[in-house]
Amino acid sequence: MKNLLLSIQHLLAMYAGAIIVPIIVGHALGFSAQETAYLVSVDIFMCGVATFLQVYKGIGIGLPVVLGCTFTAVTPMIMVGSKHGIDVLYGSLFASGIIIVLISPFFSYLVKIFPPVVTGSVVTIIGITLMPVAMNNLAGGQGSKNYGAPLNILLGLITLIIILVIHRLSTGFIRSIAILLGLVIGTVIASFFGLVNLNAVHESNWFELPKPFRFAGFKFEIGSILLFVIVGIVSLIESTGVYSALSEITKTKIDRKDISKGYRAEGIAIVLGSIFNAFPYTAYSQNVGLVSLSGVKSNKVMYGMVGLLLLCGSIPKLGAIATIIPTSVLGGAMIAMFGMVMAYGVKMLGAIDFTRQDNLLIIAVSVGIGLGITTVPEAFSKFGSDYEWLTQNGIVIGTFTAIILNLFFNGLKDKQIRENVK
């Protein structure tokens, strides 16, 4: 019973992050309520599959790692899905997953070209590009009839305030699910204003297994593939920190081979997720705290959580419940979550030497170009459609800029890089 309760606790800690990505992407790409409910269900199911791949040492790293969909993929998924279509979106995810699997044995060496000044800049760019999505949802959803209505703004801000208050006044597990609680309370408040529609819940099935290619097959586009490879690499770097933390907590030594298996498991999860029209995955740091707080380091708890994820993902009505969250309430929570992505990028940048003007220039130029392209994509429109994968994509060009400038100023012998790969 104790292990079951701990499994449920892990499920609740990651649930908000897991369900919000499919809801945001579904809304942005014009999915119906029923289709979005399926996205939520299949995402929960595939989170279970992905976590199993990582926890089972025959395939993954063998530590109590929880894999969930990554926020860094939100903007790229919306961008590619809107511009090229769902088939290109999932084809690009599939191809990027294959590439991640192929580079996994070598990435611990390739990570040398991704020191904190590069990864911090990239994550900061991603966080900044996410904020317009949050603000549009706070206002009621771009294109909605009541966009910008005071009630929408008020509900979103109330949700945000609830999350902040819970985070300030609580500790431990309650604090770890502050966003989930904020969404629940915000939705309850919104229901008194008639903004909660339960039709999707009533119309959903009680049981349904994920179906391959439910929405689309695969088409491939080089720029989109490259974009998701970058997203995957950023996720691998984030996961490396989780691996290290869990290694210390569980007193389990890991070497490059173990880390390579962890990377491979994430790549396989992306491949499988794309087949079932799900999402890219990364290691969830919020669950690391639970391993430390509970003191239970056995993978039995993780396997129990995998079972719960597979069960919940097979019940579409549970997925449909997540879709009843009003857009403005979701927007309020997104400000906190996406702001944390940006703040995490800034935190990563805190590991570099700011007294060196070279590092300041790397950040300034890469973030500046990445943000500039994102906000003014027409600036390079004259280059034509053949180069859109680079000239119209702030994350890709910002990443390339950071890598090239870092190699130009710091090379591969920089002390900061050597410390990063120890």
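Residues numbered from 1 in each chain as written. Predicted model: local features only at pLDDT ≥ 70, side-chain atom pairs only at ≥ 80, totals over all residues. Heavy atoms only, no water.

A. How the structure looks around the overall build of the chain. Along the chain, the regular secondary structure elements total 20 helices and 2 strands. Here the chain holds 422 residues, and the buried ones make up 56% of them. Total accessible area on the chain stands at roughly 17,800 Å², and carbon and sulfur atoms take up 67% of it. (Helix = DSSP H or I, 4+ residues; strand = E, 2+ residues; numbered from the N terminus. Buried < 20%, exposed > 50% of the residue type's maximum accessible area, 1.4 Å probe, protein only. Areas by Shrake-Rupley, 256 points an atom, 1.4 Å probe, with all protein chains shown as cover.)

B. Highlighting the pattern of salt bridges. Applying the stated criterion across every chain yields a total of 2 salt bridges. The salt bridge partner of Asp87 is Lys219, with a shortest N-O separation of 3.7 Å. Of this pair, Asp87 sits in helix 4 (residues 86-103) while Lys219 sits in the loop between helix 10 (199-203) and helix 11 (222-250); the two residues are 132 residues apart in sequence, bridging distant segments of the chain. Residue Arg356 pairs with Asp358 through a salt bridge whose shortest N-O separation is 4.0 Å. (Salt bridge = Lys/Arg side-chain N within 4 Å of Asp/Glu carboxyl O.)

C. The arrangement of the state of the cysteines in detail. Using the criterion set out here, one finds 0 disulfides in the structure. For Cys47, which is in no disulfide, the shortest distance to another cysteine sulfur is to Cys69 and amounts to 5.1 Å. (Disulfide = S-S within 2.5 Å.)

D. Geometry of the packing of aromatic side chains. Considering all chains together, one arrives at 10 aromatic pairs under this definition. An aromatic cluster is defined as three or more aromatic residues linked by ring pairs; in this entry it consists of Phe94, Phe213, Phe218 and Phe220. Residue placement shows Arg214 over the ring face of Tyr38; its charged tip is 4.3 Å from the ring centre. (Phe/Tyr/Trp six-rings, centres within 6.5 Å; stacked < 30°, edge-to-face > 60°. Lys NZ or Arg CZ within 6 Å of the ring centre and 35° of its normal.)

E. Quick peek at a nonpolar patch on the surface. A cluster of nonpolar side chains, Val184, Ile185, Val188, Phe192 and Phe193, forms an exposed patch at the surface whose accessible area comes to about 510 Å². Checked against the element boundaries, Val188 lands in helix 9 (residues 178-191). (Patch = residues over 30% accessible without salt bridge, like charges linked within 9 Å, V, L, I, M, F, W, Y side chains within 5 Å.)

F. Representation of the confidence of the model for the chain. When pLDDT is averaged across the chain, the result is 81; 88% of the residues are at 70 or more. Across the chain, the secondary-structure element scoring lowest on mean pLDDT is helix 20 (residues 415-420), at 46, and the one scoring highest is helix 4, at 93. Below pLDDT 50 for its whole length, residues 416-422 participates in 19 contacts with residues either more than four positions away or in separate chains. (pLDDT = per-residue confidence, 0-100. Contact = heavy atoms within 4.5 Å.)

G. The arrangement of unusual backbone geometry in detail. Despite not being glycine, Phe213 has its phi angle at roughly 55°, a positive value. Positive phi, close to 60°, is recorded for Asn277, a residue that is not glycine. The residue Asn277 is located in the loop between helix 12 (256-275) and strand 2 (281-283) in this model. Owing to a relative accessible area of 0%, Asn277 belongs among the buried residues under this scheme.

H. Focus on the packing of helix 2 (residues 33-55) against helix 12. It is the contact of helix 2 with helix 12, at a shortest axis distance of 9 Å, that shows an interaxial angle of 155°. One element, helix 2, and the other, helix 12, form an angle in the roughly antiparallel class. Our pair here, helix 2 against helix 12, has a crossing hand that is right-handed. Every residue of helix 12 that contacts helix 2 at Met46, Val49, Ala50, Leu53 and Gln54 is listed here: Lys261, Gly262, Ala265, Glu266, Ile268, Ala269, Leu272 and Gly273. Classifying every residue of the contact of helix 2 with helix 12 gives 8 nonpolar, 3 polar and 2 charged. (Axes fitted to C-alpha atoms, helices over the stretch in contact; angles between N-to-C directions. Parallel < 35°, antiparallel > 145°, perpendicular 65-115°, else oblique. Left-handed = near helix turned anticlockwise from the far one by under 90°. Nonpolar A, V, L, I, M, F, W, Y, C, P; charged D, E, K, R; others polar.)

I. Local environment of helix 6 (residues 116-138). The end-to-end C-alpha distance of helix 6 is 32 Å, a good match for the 33 Å that 23 residues give at a rise of 1.5 Å each. Along helix 6, 21 of the 23 residues are buried, which leaves the element largely enclosed by surrounding structure. Once helix 6 ends, the next one or two residues include Gly140, with phi positive near 115°. (Expected span 1.5 Å × (residues − 1).)

J. Structural context of the packing of helix 2 against helix 14 (residues 299-313). Relative orientation of the contacting elements helix 2 and helix 14 amounts to 155°, with a least axis distance of 7 Å. It follows that helix 2 is roughly antiparallel to helix 14 by the angle criterion. Classified by chirality, the crossing of helix 14 by helix 2 is left-handed. Of helix 14, the residues touching helix 2 (which contributes Ser41, Ile44, Phe45, Cys47, Gly48, Val49, Thr51, Phe52 and Val55) are Asn299, Met302, Tyr303, Val306, Leu309, Leu310, Cys312 and Gly313. Split into classes, the residues belonging to the contact of helix 2 with helix 14 amount to 12 nonpolar, 5 polar and no charged.

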